[in-house]
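Structural features, examined
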There are 2 protein chains.
Amino acid sequence: MKFSISSTIGLLFLCLAPSLQAQTIPAYVSKNDRRIMEEYIRFLSIPNVSADTLNIRKNAAFIQEMMVSRGIKAELLSGTTPGVTPAVFGEIKTPGATKTIGFYAHYDGQPVNPKQWYAGVEPFKPVLITAPLESGGKIMGPYKPGEAVNPDWRILGRGSADDKAGVMAILNAYEALTKTGKRLNANIKFLFEGEEEVGSIHLNEIFRQHKTKLQADLWIIIDAPRHVSGRKTIVYGVRGDVNMHLTVYGAKRPLHSGNYGNWAPNPALKLAQLLASMKDDKGQVLVKGFYDDVTPLTATEQKALSQIPDQDAQLKKELGIHSPERLDQSLAEGIMQPTLNINGLQSANVGSMASNVIPTKAEAVLDLRLVKGNDYRKQAEKVIAHIKSRGFHVINREPTEEDRRQYPNLIKITVEHGYNAQRTPMDLPIARSIQAAVQSTTKEPLVLIPSMGGSLPLYLFEEILETKVITVPIVNYDNNQHAENENVRIQYLWEGIETIAAIMGARF
Amino acid sequence: MKFSISSTIGLLFLCLAPSLQAQTIPAYVSKNDRRIMEEYIRFLSIPNVSADTLNIRKNAAFIQEMMVSRGIKAELLSGTTPGVTPAVFGEIKTPGATKTIGFYAHYDGQPVNPKQWYAGVEPFKPVLITAPLESGGKIMGPYKPGEAVNPDWRILGRGSADDKAGVMAILNAYEALTKTGKRLNANIKFLFEGEEEVGSIHLNEIFRQHKTKLQADLWIIIDAPRHVSGRKTIVYGVRGDVNMHLTVYGAKRPLHSGNYGNWAPNPALKLAQLLASMKDDKGQVLVKGFYDDVTPLTATEQKALSQIPDQDAQLKKELGIHSPERLDQSLAEGIMQPTLNINGLQSANVGSMASNVIPTKAEAVLDLRLVKGNDYRKQAEKVIAHIKSRGFHVINREPTEEDRRQYPNLIKITVEHGYNAQRTPMDLPIARSIQAAVQSTTKEPLVLIPSMGGSLPLYLFEEILETKVITVPIVNYDNNQHAENENVRIQYLWEGIETIAAIMGARF
């Protein structure tokens, strides 16, 4: 018997291949978990509030390093406005590929108020916890390099779940895929944004500026939590969002509540009365036309919605909620509707800082979530019209003497930059391929959600890049996203890496 | 002509007397204004928030020194509770006097939030201002010892008006009186309290412990502002006061407003709805029985009330108020009624700290002012009954899991120690003497107020010491008492010294 060179190479391949192919993505992650942890903790230690431009750029630089060390050429994309926080971009061309799949995550986080975090914890000095402290968890201190990683524990720190988890899972999925010799079937693009938590205010510029570079058949968004049931989840749409800041004015200076109350008008009471007028006892928004403009769900979407596991009872128990705000709809159904939420209230001080004054002003921040069909400007205008109908004169700056003289009820309203909702049809062929890839990593049925509750400016992908977009959430639902004590379950990070690797290796 | 010894002495007296008697109290103050200012600034530089026990004691020690330097033997009075902030007491016996008049002021101040003060100003580093900055005033920096004093300017700092002004005016009135050779007709007592701003929580103990020492025919309270008209003012009563702290609960942890809104109940909305239910559009309190129990005014009181100058129009202009909360009554009339005021509101964050969350809780602080006839416990109970009638389950501690499971609406209510109102009849002979003494220092008619808007625990003087009590306010009405940028007009301090000296020298 003779051995040809080609068959020798073939034999060589057969000898090598098992050792490569036998190593699954989970096995690779498990073997490398200490290194991945150590790098992630360093990433989380760089403060990432959008306004902190110096540190934001350090985050971008850190991501570039992570990409370069994985063989991905990285570059910063800016918009046309000078000084815009850059997005980090990278690209891998796959010979023979006919499709291009982009992976998006954001590296900025919500503002932090360290006083509201667990005692002794700083939002940008990540620590490990065994579980949330409210559920009997313990703070285990910082992760020490080289230490064994317990996947049941959590990493506590700003950005740990929303959305540095996305950045780290995407890059480690690519690493795991290449290091275990798996094959890519599509071209891969990477995009990491730094202004998502301030409304992606320059993403449109970046998209317009780099439209060709960002072209893809589908962008996959890695952000937001998996379904409450813990099952792997695909989300085909997001809600739009717009924030409104309200300030109701009282007297020009704070007044002694004994000497002037209740002669001087109290702005805290006026604001309370105004906010109370916005919803009835059943949680229905009373703003005229608030639920108009909503595009109804298709039959497929309606069916998927009906199959989402009902976790309301479990959630109520976990969150200590006796009954939801609206008794007539489930959480999943409610998400298909626009909402009006009070994010914050402030007037003078409470607790030990309180004093017997009539405050000079009272502030509230409203958050309007929008669904397919809503226009954010129009939705905000409906609320402004409601406020006017309650006898308020609306201004967009501090009141003048003349304003105060002329109007009994003065309110300053600032409408932040908002954006509209987006929804991708579930039965597109490329959408079905993604579904199959994710399903290949789990035995449990996926949760398919027509639209998630959260907001991302995904309409920009459709409108500017003219591409489809689907969200694949990876983090635990109880992550305290946007609030104090944000955390991520380590096991979810590992599973997220596996999910993303499956999508990167999917056939279309 | 012969000169007898006695006539020589008489002549000597005639030669000396003009230099003594010609010096009026205002002249004495004017000549000594730099020294008085310098001492007052040092006094204001000692922080005086009640909770700051170390500094509070430094204030007491400073007052003792001021008394001793004026020939008044000073002592600290404590209650039966160990560690109680002491009151400072002193006494001057006048040979042949048949009456004893006490002078009371307090040396503690309201809590401060330095961030809310004018930029660059610290509450306990007093500075001079030409006028409030809102009215075009300027900050002139700290008073430099020896510098000329402009009586039209103001001293800015915590306690400058409420109520270290009382302490300094009483002690300088006594000094001016003795240094200008004026005669006392009554025994004089001094009492300076250190816990007034936390509700005089131990004054009852101090009164019981030192009842004999504190015996007097009348106590004069030097606190609160003169009438808005600027005219000198006597007040015969005060309102009672009780604070209530409300906390409405939402989910156990902060929730992403997109993923959970409006399924998870929003405590800020619930609180707004609750507060809105407490008053109608016309400012009338809707709590059942709120206006019951009020003792009607006598004919004399009714007449005095009708003669109080109507300054509502001027006040509205100055304060930037279009129309008062209640259109059916004047400021002076409103003060004869119990009130319900929102002192502060807080839920999560507003402004640049805001994030898209459903808050876990929403807090409010209420301030109930009481009039003669009200009992503070009963008044708070009426509000609690109202809250219960709105479907809330009331607790007095953080909610348990069981509470959360059982009740859709949970509220924690803490009722602070409060006290009742007090009112002295205007036509008592001793009250008429005081009126004559104050009137002797001004050509303008006095403003006689049956009860002021503010609160002091004056019922304790009546109930424990069994003595009458009258308030003589000395500071400007626009002093930002209890709030940021507290200030006192220097001219009002000088006039206050003159007023008090006249009372000390009054005939009974």
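Residues numbered from 1 in each chain as written. Chains lettered and ligands numbered in written order. Predicted model: local features only at pLDDT ≥ 70, side-chain atom pairs only at ≥ 80, totals over all residues. Heavy atoms only, no water.

1. Observations regarding the overall build of chain A
Of regular secondary structure, chain A possesses 16 helices and 21 strands. For chain A, the C-alpha radius of gyration of 25 Å lies close to 23 Å, the compact-globule estimate for 508 residues. By its C-alpha atoms, chain A is 110 × 50 × 50 Å across when sized along the principal axes. Across the 508 residues of chain A, 62% fall into the buried class. Residue pairs at least 24 apart in sequence account for 79% of intrachain contacts in chain A once pairs closer than 6 positions are excluded. Distance from the positive charge centre (57 side chains) to the negative charge centre (53 side chains) of chain A: 3 Å. (Helix = DSSP H or I, 4+ residues; strand = E, 2+ residues; numbered from the N terminus. Rg over C-alpha atoms; globule rule 2.2 N^0.38 Å. Buried < 20%, exposed > 50% of the residue type's maximum accessible area, 1.4 Å probe, protein only. Contact = heavy atoms within 4.5 Å. Lys, Arg positive; Asp, Glu negative; His and termini not counted. Charge placed at Lys NZ, Arg CZ, Asp CG, Glu CD.)

2. Description of the sheet that holds strand 17 (residues 410-415) of chain B
With mixed pairing, ten strands are arranged side by side in an open sheet as 16(A)-17(A)-11(A)-15(A)-13(A)-13(B)-15(B)-11(B)-17(B)-16(B). The open sheet has two free edges, formed respectively by strand 16 (393-395) of chain A together with strand 16 (393-395) of chain B, since each of these has just one partner strand. Geometrically, the sheet is characterised by an average inter-axis angle of 30 degrees between neighbouring strands, direction not taken into account. In the sheet, strand 13 (residues 339-347) of chain B pairs with strand 15 (residues 361-370) of chain B via seven bridges, with the strands oriented antiparallel. Bridge assignment links B:Ile342 to a residue of strand 15 of chain B, and that residue is B:Leu366. Against the sheet, helix 8 (residues 267-276) of chain A makes contact with strand 11 (240-249), strand 13 (339-348), strand 15 (361-370) and strand 17 (410-415) of chain A together with strand 13 of chain B, and its axis sits at roughly 20 degrees relative to strand 15 of chain A, the strand it touches most. (Pairing = 2+ DSSP bridges. Axes fitted to C-alpha atoms, helices over the stretch in contact; angles between N-to-C directions.)

3. Digging into the relation of the copies chain A and chain B
Superposing chain A onto chain B takes a rotation of 180 degrees plus a shift of 0.0 Å along the axis, which leaves an RMSD of 0.1 Å. Taken together, the rotation and translation describe the operation of a two-fold axis. When the interface residues of chain A are mapped onto chain B, 100% of them again lie at the interface, so the same face is used by both copies. (Least-squares fit on C-alpha atoms with pLDDT ≥ 70 in both.)

4. Some remarks on the pattern of salt bridges
Taken as a whole, this structure holds 53 salt bridges over all chains when the rule is applied. Ionic pairing is found between A:Glu301 and A:Arg423, a salt bridge with its closest N-O pair at 3.3 Å. With A:Glu301 in helix 9 (residues 299-307) and A:Arg423 in strand 18 (residues 422-423), this residue pair connects regions lying 122 residues apart in the sequence. Accessibility assignment for this pair places A:Glu301 and A:Arg423 in one class, buried. Among the salt bridges present, the one from B:Asp367 reaches B:Arg369, with a minimum N-O distance of 3.1 Å. Overall, B:Asp367 belongs to the buried group, its relative accessible area being 0%. Among the residues examined, B:Arg369 registers a relative accessible area of 1% and is labelled buried. (Salt bridge = Lys/Arg side-chain N within 4 Å of Asp/Glu carboxyl O.)

5. What about the interface of chain A and chain B?
Chain A puts 94 residues into the contact, and the matching count from chain B is 94 residues. It is A:Arg253, A:Asn262 and A:Trp263 in chain A that bury the most area against chain B; as a group they hold 11% of the surface buried on that side. When residues in the side of chain A that touches chain B are grouped by element, the largest group, ten residues, is from strand 13 of chain A. In terms of residue class, the side of chain A that touches chain B is made up of 38 nonpolar, 37 polar and 19 charged. Bridging between strand 13 of chain A and strand 13 of chain B involves four bridges; their strand directions are antiparallel. Each bridged residue has a counterpart across the sheet, and for A:Gln346 the counterpart in strand 13 of chain B is B:Gln346. (Buried area = accessible area lost by both parts, 1.4 Å probe. Nonpolar A, V, L, I, M, F, W, Y, C, P; charged D, E, K, R; others polar.)

6. What to know about the UniProt feature "domain: Peptidase M20 dimerisation" (unreviewed entry) in chain A
Sequence positions flagged by UniProt for "domain: Peptidase M20 dimerisation" (unreviewed entry) are, in local numbering, residues 236-390 of chain A. When the span residues 236-390 of chain A is considered, its composition is 32% helix and 23% strand, and the gap between its end C-alpha atoms is 38 Å. (UniProt positions renumbered as here; feature names shortened; annotations may be inferred.)

7. With respect to the pairing of strand 15 of chain A
All names here are of chain A. Counting buried residues in strand 15 gives eight out of ten residues, a clear majority hidden from the surface. Pairing analysis gives ten bridges linking strand 11 to strand 15, with the strands arranged antiparallel. Directly across from Asn243, in strand 15, lies its bridge partner Asp367.

8. Quick word on the packing of helix 3 (residues 33-44) of chain B against helix 16 (residues 490-504) of chain B
Residue and element names in this part refer to chain B. Contact geometry of helix 3 with helix 16 gives a least axis separation of 12 Å together with a crossing angle of 105 degrees. On the basis of their axis angle, the class for helix 3 and helix 16 is roughly perpendicular. Seen from helix 3, the contacting residues are Asp33, Ile36, Met37 and Tyr40; seen from helix 16, they are Ile490, Leu493 and Trp494. (Parallel < 35°, antiparallel > 145°, perpendicular 65-115°, else oblique.)

9. A few points about helix 9 of chain A
Residue and element names in this part refer to chain A. By the burial criterion, the buried members of helix 9 are Glu301, Ala304 and Leu305. Buried positions in helix 9, seen along its axis, are confined to an arc of 100 degrees and lie on one side of it. Exposed residues lying more than 90 degrees from the buried face of helix 9 are Ala299, Lys303, Ser306 and Gln307. The inward-facing, buried residues of helix 9 contact helix 11 (331-334), strand 18 and strand 19 (447-449). (Arc of directions from axis to C-beta.)

10. Focus: helix 10 (residues 312-319) of chain A
Of all the residues in helix 10 of chain A, the buried ones are A:Asp312, A:Leu315 and A:Leu319. Take helix 10 of chain A and look down its axis: the buried residues cluster within an arc of 60 degrees, on one side only. Opposite the buried face of helix 10 of chain A, by more than 90 degrees, sit the exposed residues A:Ala313 and A:Lys317. Looking at the buried residues of helix 10 of chain A, the elements they touch are helix 11 of chain A together with strand 12 (255-256), helix 7 (257-260) and helix 13 (401-406) of chain B. A positive phi of about 70 degrees marks A:Gly320, the residue just after helix 10 of chain A.

11. Regarding the side chain of B:Glu486
Residue and element names in this part refer to chain B. Tracing the sequence through the fold places Glu486 in the loop between strand 20 (468-471) and strand 21 (487-489). In this structure Glu486 comes out as buried when scored by relative accessible area, which is 1%. A distance of 3.0 Å separates a polar side-chain atom of Glu486 from the backbone nitrogen of Gly159. Within the structure, the side chain of Glu486 is placed 3.0 Å from the backbone nitrogen of Ala161, a separation counted as a polar contact. Look past the residues within four positions of Glu486 in its chain and what remains in contact with it is Trp117, Ile155, Leu156, Gly157, Arg158, Gly159, Ser160, Ala161, Asp162, Asn479, Asn480 and Gln481. (Polar contact = N/O pair within 3.5 Å; in protein donor to acceptor, adjacent residues only side chain to side chain.)

12. A look at the sheet that holds strand 21 of chain B
Residue and element names in this part refer to chain B. Pairing is antiparallel across the open sheet formed by four strands, whose spatial order is 5-4-6-21. Only two strands of the sheet have a single neighbouring strand rather than two, namely strand 5 (139-141) and strand 21. In this sheet, adjacent strand axes meet at a mean angle of 30 degrees when their direction is disregarded. Direction of pairing for strand 4 (residues 127-129) relative to strand 6 (residues 154-156): antiparallel, over a ladder of three bridges. Paired with Leu128 across the strands is Ile155, a residue of strand 6.

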